[in-house]
Amino acid sequence: MNRPARPPPQDPWTLDFQGFDAQDEGRREALCAVGNGYLVTRGAAPESRADGVHYPGTYLAGRYDRAVSTIDGHRVEHEDLINCPNWLPLTFRAVDAPGWFGEDPETRIVSQRIELDLRRGVLTREALIADAADRRTRLLQRRIVSLADPHIAALETVLTPENWSGPLHILSALDGTVTNTGVARYRSLVGRHLVPTGQGQDGETLWLSVRAAGSPLHIAVASRIRLLPDGAVAAIEPLSETHPGRPAQVFTVDAVAGRAVTVEKTVAFHTSRDPAVDDPRPAAVRGVAPAGPFDAVLHAHAARWAQLWRRFRTETEFADRAGETNTLHLHLFHTAQTYSEHTVDLDAGMPARGWHGEGYRGHVFWDELFVLRTLNLRTPEISRAVLRYRHRRLDAARRAARDIGLRGAMYPWQSACDGTEQAPCTHLNPMSGRWLPDRTHLQRHVGLAVAYNTWQYYQATGDLDFLNTAGAEMMLEIARFWADIAHYDPTLERYRIRGVMGPDEYHDAYPWADHPGIDDNTYTNVLASWVLARALDALDALPGYRREELTERLDVNSLELDRWRSIARRLHVPFHDGVPSQFAGYERLAELDWEHYRRRYPNNRRLDRILEAEGDSINHYKASKQADVLMLYYLFPAQEIRALLRRLGYPASHELAQRSIAYYRARTVHGSTLSSVVHAWVLARTDRRRSWLFFRDALGGDVLDVQGGTTAEGIHLGAMAGTVDVLQRCYTGLDTRGDVLWLDPRLPTRLARLEVELRYRGHWGVVVTITRREVTVSLRPKQHGSVPIGFRGSVVEIPPGGSHTFTL
């Protein structure tokens with residue numbers, strides 16, 4: 001698939017697509033999805049069905065179904081994000097036309113323009129439609145998923161006949177017969193997750209009820225149609241064109257050339273898992289009844305977006321490209337609408353692909369590691385909710401550890417509804433057509449990410465209540481797991497962690513071994529050392545009575561804590577060629593013929609699939625899908641890495657970072673969109689030009705679909721939020737340590753000015769403005785107390801309403 005061209009400079013608050021491109025439709029639908037944190041609807045045309053070109057998916061946050069499939073002769077149980085009832089269907093035809101627009105092959109789109117208004121969350125479509133008799137109808141549609149009322153979505157359609165008059169049929173439907181078929185490689189899995197349980201009409205309201213096929217979840221959607229001007233309807237055919245699971249209405253209007261007919265379709269969704277809902281069907285019917293006209297719903301929705309944009313205010317002056325600002329706004333938009341205030345009470349995790357498609361089956365991985373550092377300083381209540389999702393699944397993580405004979409909590413690589421491991425046992429290589437063993441469940445490091453996120457949230461917010469009630473318990477149980485999985489090697493006189501996988505994801509076994517897993521992954525071991533130490537800090541941060549309660553409840557004694565201290569200082573970190581090895585034995589792997597593979601495969605981001613298709617294995621080579629060792633330099637400043645290594649007993653010079661970056665950058669293919677985010681970060685202090693190139697590559701991840709077709713399956717949320725964080729924390733040098741907000745800016749050449757507005761420890765409106773010559777920090781008035789700002793070794797207190805400028 002050819003990479004889409006980067007769009008020309010445009011309004012920084014709109015995303016535009018001209019014409020119709022069947023090959024690019026999936027990407028456009030994902031990028032033009034609109035949502036509110038409760039539900040997200042892809043930007044598919046209302047008249048379309050899933051047909052290999054269009055995929056009109058609607059997804060409710062955290063709503064999964066369990067199914068059993070047979071894959072390559074194996075029985076596989078899996079949880080999938082449900083493609084929920086499609087509320088969009090709305091189409092039209094002249095009374096004597098052979099078929100409906102979208103179904104009749106003779107009816108075509110003459111011209112079309114799609115615009116996503118990022119500032120207000122409105123998707124607009126303008127098109128000219130011609131049928132077989134060349135009757136031309138101008139189509140204007142506006143679509144929103146209300147940020148003011150999470151259960152409400154609305155579609156306004158304006159039809160204007162241009163060269164004809166006569167009866168016009170308008171069809172509106174709700175479709176509960178949809179299936180999960182949005183990802184080609186998953187189509188061998190059971191995809192029918194909805195079972196219709198009822199449908200009907202109450203007055204002007206059409207409703208549909210479904211249940212999940214394998215889970216105790218019920219979903220209802222109700223729609224209301226209003227046509228303007230009043231009195232325009234000549235006839236109504238109740239429930240005509242209706243099929244089981246797809247109730248519909250047909251309205252007949254006397255259309256006149258040049259005179260617009262407006263159709264307003266408003267819907268309400270409810271599920272049996274919504275707070276304060278007993279039966280979702282009457283809740284949906286009640287919910288749609290009082291909704292105002294489209295413009296009123298839009299007004300309330302736009303007002304909420306205006307408030308949200310104030311919280312995410314990020315002003316940039318890029319030197320020569322308006323496109324960067326536009327894409328940055330797009331990334332903020334999708335981050336904000338994936339997980340919002342409406343998600344907080346839903347018990348939903350942070351999905352790797354947003355709620356925008358069925359990529360990764362809607363599962364939760366470690367991507368919150370890239371998202372929460374942004375949200376901690378913008379909407380910390382959302383970070384807290386994501387961490388609560390993890391805490392609710394702490395018992396499942398404990399069971400997973402017990403199942404392999406260990407204590408503590410082992411979080412799964414892929415999580416969905418109940419916190420059990422959802423990583424598949426096999427995966428398909430589409431290049432070879434072969435099903436292969438999937439060992440990604442060995443990425444135990446996801447638990448380290450949970451602990452890291454917990455501590456960073458506490459550092460940014462000072463939320464001792466969360467640490468008391470949930471955070472410290474998670475950190476202690478995660479630390480206990482890593483202390484238990486570490487085994488002492490008397491030959492090395494160090495502790496070792498064996499049989500895991502690192503963030504690289506390529507290497508899942510040694511080529512000379514008969515069992516999966518690799519040993520002493522540097523990222524894992526160093527981060528485990530850090531987590532063991534921070535778990536002790538978390539315990540010390542608790543009030544005495546709570547510390548006693550928690551240690552008593554978890555049966556943690558002083559001997560166990562002393563063992564943690566010992567392990568934290570004696571974990572093994574392998575080295576070779578003057579750099580930390582990605583894992584023990586890495587130096588024994590062969591060097592890949594990079595020149596050959598780059599020449600033969602210009603896009604080699606999935607080098608693992610390429611080699612497997614050739615009958616080889618990536619396990620033989622020093623080649624990485626994404627940053628692994630370098631992830632440490634993403635999580636910690638270079639000086640902290642040096643301190644961590646020295647505490648472990650390893651020499652760590654100032655040159656170690658540069659050597660490590662140069663070594664692994666030359667051997668990384670960036671098969672993950674996260675990799676460019678990490679490389680932009682780690683190069684920011686040593687090579688600002690290359691950092692900027694990686695930043696731009698990360699910005700283009702979904703807009704340009706750099707992975708060749710995966711954006712259609714859902715956006716890459718970690719990379720989107722990660723690009724924002726590169727600006728917010730990396731180029732500002734922002735860090736939250738020791739009750740101080742530290743700054744050490746290094747703007748790249750192409751970025752002339754950057755201003756962000758943050759929330760820090762209860763202070764709203766901490767404004768950081770950076771230019772090439774100075775950095776100014778101001779605090780909005782009427783705050784409680786001052787904010788300590790650290791800059792190059794000194795700390796200045798900024799009072800409410802005050803500001804301070806530091807010279808660079």
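Overview of the structure. These figures come from a predicted structure and were not determined experimentally.

## Re the overall build of the protein chain
Okay, so step 1: A count of helices and strands for the protein chain gives 20 helices and 33 strands.
Okay, so step 2: Taking 808 residues into account, the globule formula puts the C-alpha radius of gyration at 28 Å, and the protein chain, at 27 Å, falls close to it.
Okay, so step 3: Its C-alpha atoms give the protein chain principal-axis dimensions of roughly 90 × 65 × 55 Å.
Okay, so step 4: Per-residue burial for the protein chain yields a buried fraction of 64% across its 808 residues.
Okay, so step 5: Considering only contacts in the protein chain between residues 6 or more positions apart, those separated by 24 or more positions represent 68%.
Okay, so step 6: Working note: accessible area of the protein chain is about 29200 Å², and carbon and sulfur atoms make up 49% of it.
Okay, so step 7: Side-chain charges of the protein chain comprise 97 positive and 99 negative groups, with the mean position of each set lying 4 Å from the other.

## Remarks on helix α11 (residues 544–554)
Okay, so step 1: Taken residue by residue, α11 has Arg-546, Leu-550, Thr-551 and Leu-554 as its buried positions. Considered in projection along α11, the buried side chains sweep an arc of 125° and stay on one side of the axis. With respect to the buried face of α11, the exposed residues turned more than 90 degrees away are Tyr-545, Glu-548 and Glu-552.
Okay, so step 2: Packed against the buried residues of α11 are α7 (394–403), α9 (464–485) and α10 (522–541).
Okay, so step 3: Just beyond α11, the residue with positive phi is Asp-555, at close to 55°.

## Some remarks on the packing of α10 against helix α12 (residues 558–570)
Okay, so step 1: Contact geometry for α10 and α12: axes closest at 8 Å, N-to-C directions at 145°. Of the two elements, α10 crosses α12, and the hand of that crossing is left-handed. The segment α10 lies against α12, with Ser-529, Leu-532, Ala-535, Leu-536 and Leu-539 engaging Leu-561, Trp-564, Arg-565, Ile-567 and Ala-568.

## Digging into the pairing of strand β15 (residues 218–228)
Okay, so step 1: For β15, the tally of buried residues reaches eight of 11 residues, placing the bulk of the element in the interior.
Okay, so step 2: Two strands pair when backbone bridges link them, and strand β14 (residues 205–212) and β15 are joined in this way by seven bridges, in the antiparallel orientation. Its bridge partner being in β15, Val-210 is matched across the sheet by Ile-219.
Okay, so step 3: Here β14 folds back onto β15 in antiparallel fashion, the turn holding five residues.
Okay, so step 4: Relative to strand β18 (residues 261–271), β15 is paired through 10 bridges, and the arrangement is antiparallel. When the sheet's bridge partners are listed, Ala-220 is paired in β18 with His-270.

## What to know about unusual backbone geometry
Negative phi characterises most residues that are not glycine, and trans characterises most peptide bonds.
Okay, so step 1: Look at Arg-361: it is not a glycine, yet its phi comes out positive at around 60°.
Okay, so step 2: Counting through the fold element by element, Arg-361 comes out in the loop between α4 (322–338) and α5 (368–375).
Okay, so step 3: For Glu-493, which is not glycine, the phi dihedral falls at a positive 55°.
Okay, so step 4: You can see Glu-493 is positioned in the loop between β22 (487–489) and β23 (494–496).
Okay, so step 5: Look at Glu-493 and you get partly exposed, because its relative accessible area is 47%.

## Some remarks on the sheet that holds strand β19 (residues 314–318)
Okay, so step 1: Read from one edge of the open sheet, five strands run β19-β28-β29-β30-β33, paired in antiparallel fashion. Strands at the two margins of the open sheet, each flanked by one partner only, are β19 and β33 (803–807). Geometrically, the sheet is characterised by an average inter-axis angle of 15° between neighbouring strands, direction not taken into account.
Okay, so step 2: Looking at chain direction, β19 and strand β28 (residues 751–760) are connected through five bridges and run antiparallel. Of the residues in β28, the one forming a bridge with Thr-314 is Val-756.

## Focus on the environment of Gly-35
Okay, so step 1: When you line up the elements, Gly-35 lands in strand β2 (residues 34–35).
Okay, so step 2: What makes Gly-35 buried here is its relative accessible area of 2%.

## Focus on the side chain of Arg-696
Okay, so step 1: Positionally, Arg-696 belongs in helix α19 (residues 688–703).
Okay, so step 2: The class for Arg-696 is buried, based on a relative accessible area of 18%.

## Here we look at the layout of surface pockets
Over the atoms rolls a probe the size of a water molecule, and in doing so it shows where empty space is left.
Okay, so step 1: Reported here for the second largest pocket is a volume of approximately 970 Å³.
Okay, so step 2: Lining the second largest pocket are 41 residues, and of these Phe-636, Pro-637, Ala-638, Gln-639 and Asp-735 sit closest to its centre.
Okay, so step 3: The element that contributes the greatest number of residues to the lining of the second largest pocket is helix α16 (residues 638–647), accounting for seven residues.

## Details of α12
Okay, so step 1: Over its 13 residues, α12 runs 19 Å from end to end, which matches the ideal 18 Å to within 8%, given 1.5 Å per residue.
Okay, so step 2: The complete set of buried residues in α12 reads Glu-560, Leu-561, Trp-564, Ile-567 and Ala-568. Along the axis of α12, the buried positions cluster into a sector of 120°, meaning they face one direction only. Exposed positions of α12 whose direction lies more than 90 degrees from the buried face are Ser-558 and Leu-559.
Okay, so step 3: By the N-cap criterion, in which a side-chain oxygen at the helix start approaches the backbone nitrogen of a residue two or three places on, α12 is capped by Asn-557, the distance to Leu-559 being 3.1 Å.

## What about the packing of α10 against α16?
Okay, so step 1: Two numbers describe how α10 lies on α16: the axes approach to 10 Å, and their chain directions differ by 85°. By the criterion of interaxial angle, the relationship of α10 to α16 is roughly perpendicular. Note on element contacts: α16 touches α10 through Glu-640, Leu-644, Leu-645 and Arg-647, opposite Val-526, Ser-529, Trp-530 and Ala-533.
Okay, so step 2: For the contact of α10 with α16, the class distribution of residues is five nonpolar, one polar and two charged.

## Considering the side chain of Asn-468
Okay, so step 1: In this fold, Asn-468 is placed in helix α9.
Okay, so step 2: Under the relative-accessibility criterion, Asn-468 is labelled buried at 14%.
Okay, so step 3: Beyond its immediate stretch of four places on either side in the chain, Asn-468 contacts Leu-542, Pro-543 and Arg-546.

What counts, and where the lines are drawn
- Residues numbered from 1 in each chain as written.
- Predicted model: local features only at pLDDT ≥ 70, side-chain atom pairs only at ≥ 80, totals over all residues.
- Heavy atoms only, no water.
- Helix = DSSP H or I, 4+ residues; strand = E, 2+ residues; numbered from the N terminus.
- Rg over C-alpha atoms; globule rule 2.2 N^0.38 Å.
- Buried < 20%, exposed > 50% of the residue type's maximum accessible area, 1.4 Å probe, protein only.
- Contact = heavy atoms within 4.5 Å.
- Areas by Shrake-Rupley, 256 points an atom, 1.4 Å probe, with all protein chains shown as cover.
- Lys, Arg positive; Asp, Glu negative; His and termini not counted.
- Charge placed at Lys NZ, Arg CZ, Asp CG, Glu CD.
- Arc of directions from axis to C-beta.
- Axes fitted to C-alpha atoms, helices over the stretch in contact; angles between N-to-C directions.
- Left-handed = near helix turned anticlockwise from the far one by under 90°.
- Pairing = 2+ DSSP bridges.
- 1 Å grid on protein atoms, 1.4 Å probe; cavity = no way out; pocket = protein on both sides within 12 Å on 5 of 7 lines; lining within 4 Å.
- Points joined across faces, edges and corners; volume = space filled by probe spheres on them.
- Expected span 1.5 Å × (residues − 1).
- Polar contact = N/O pair within 3.5 Å; in protein donor to acceptor, adjacent residues only side chain to side chain.
- Parallel < 35°, antiparallel > 145°, perpendicular 65-115°, else oblique.
- Nonpolar A, V, L, I, M, F, W, Y, C, P; charged D, E, K, R; others polar.

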